[in-house]
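Architecture and fold: a report
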Amino acid sequence: ILCTLPPTCNPPNRPTHLAGTRDLEAHYAMYHAHVCEEKGCGCVFPDARLLELHQTECHDPLAAVRKERGEKIV
């Protein structure tokens, strides 16, 4: 099986060769299930919680204002 999904397995990166469906499922969960879709970002996270924290800390304008004020953002 050959994975060509973005952001890690399509050009300019190389496709990933996988031995079977179990490997594909594990690969998908690790590299394609929790990807930041903000333009120009594309960071990959191992779970939804870390993706949500990233989105809040890096892409949420209200969180940025709170951070500037010294308030907790999460």
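Throughout what follows, the structure given in this document is the object of discussion. (Residues numbered from 1 in each chain as written. Predicted model: local features only at pLDDT ≥ 70, side-chain atom pairs only at ≥ 80, totals over all residues. Heavy atoms only, no water.)

**Brief notes about the overall build of the protein**
Our working definition: Here a helix means four or more residues in a row that DSSP labels H or I, a strand means two or more in a row labelled E, and each is numbered from the N terminus. The globule rule is 2.2 Å times the number of residues to the power 0.38, and the radius of gyration it is compared with is taken over C-alpha atoms. In this description, contact between two residues means that some pair of their heavy atoms is separated by no more than 4.5 Å. Working definition of accessibility: Shrake-Rupley area with a 1.4 Å probe, residue cover restricted to the visible protein chains. Just so you know, the count uses Lys and Arg for positive and Asp and Glu for negative, and it drops His and the chain ends. Where a charge lies is defined by one atom per residue type, namely NZ (Lys), CZ (Arg), CG (Asp) and CD (Glu).
Helix and strand counts for the protein come out as 3 helices and 2 strands. Of the regular secondary structure in the protein, the N- to C-terminal order runs β-β-α-α-α. The C-alpha radius of gyration computed for the protein amounts to 16 Å, which surpasses the reference 11 Å derived for 74 residues by more than 25%, pointing to a less compact arrangement than a globule. Along the longest, intermediate and shortest principal axes, the C-alpha atoms of the protein span 50 × 25 × 10 Å. Considering only contacts in the protein between residues 6 or more positions apart, those separated by 24 or more positions represent 15%. Accessible area for the protein stands at about 5700 Å²; split by element, carbon and sulfur atoms hold 54% of it. The centroid of the 8 positive side-chain charges in the protein is displaced by 3 Å from the centroid of its 10 negative side-chain charges.

**A closer look at the environment of P7**
Looking at the secondary structure, you find P7 in the loop between β1 (2–3) and β2 (16–17). It is 31 Å that separates the C-alpha atoms of P7 and R66, two residues lying 59 residues apart in sequence. With near-sequence residues (within four places) excluded, P7 lies in contact with N13, Y31, H32, V35, G42 and V44.

**A few points about the side chain of H27**
Assignment of secondary structure puts H27 in helix α1 (residues 21–31). Once you skip the residues sitting within four places of it in the chain, H27 turns out to touch C3, C9, T16, L18 and H32.

**Section: the pattern of salt bridges**
Opposite charge on two side chains permits them to pair, given that their charged atoms come into close proximity. Defined as follows: Just to be clear on terms, a salt bridge is a Lys or Arg side-chain nitrogen sitting within 4 Å of an Asp or Glu carboxyl oxygen. Working definition: with a 1.4 Å probe on protein chains only, accessible area under 20% of the residue-type maximum means buried, over 50% means exposed, and in between means partly exposed.
On inspection of all chains with the given rule, the structure shows 1 salt bridge. One salt bridge connects E71 with R69, and the closest N-O pair in it is separated by 3.8 Å. The class of R69 is exposed, set by a relative accessible area of 61%.

**Details of helix α3 (residues 61–69)**
Under the convention used in this document: For the purposes of these results, a polar contact is taken to be a pair of N or O atoms within 3.5 Å, where, inside protein, one atom must be able to donate a hydrogen and its partner to accept one; residues adjacent in sequence count only when each atom of the pair is a side-chain atom.
The N-cap residue of α3 is D60: its side-chain oxygen and the backbone nitrogen of L62 are 2.9 Å apart. G70 occupies a position one or two residues after α3 and carries a positive phi of about 85 degrees.

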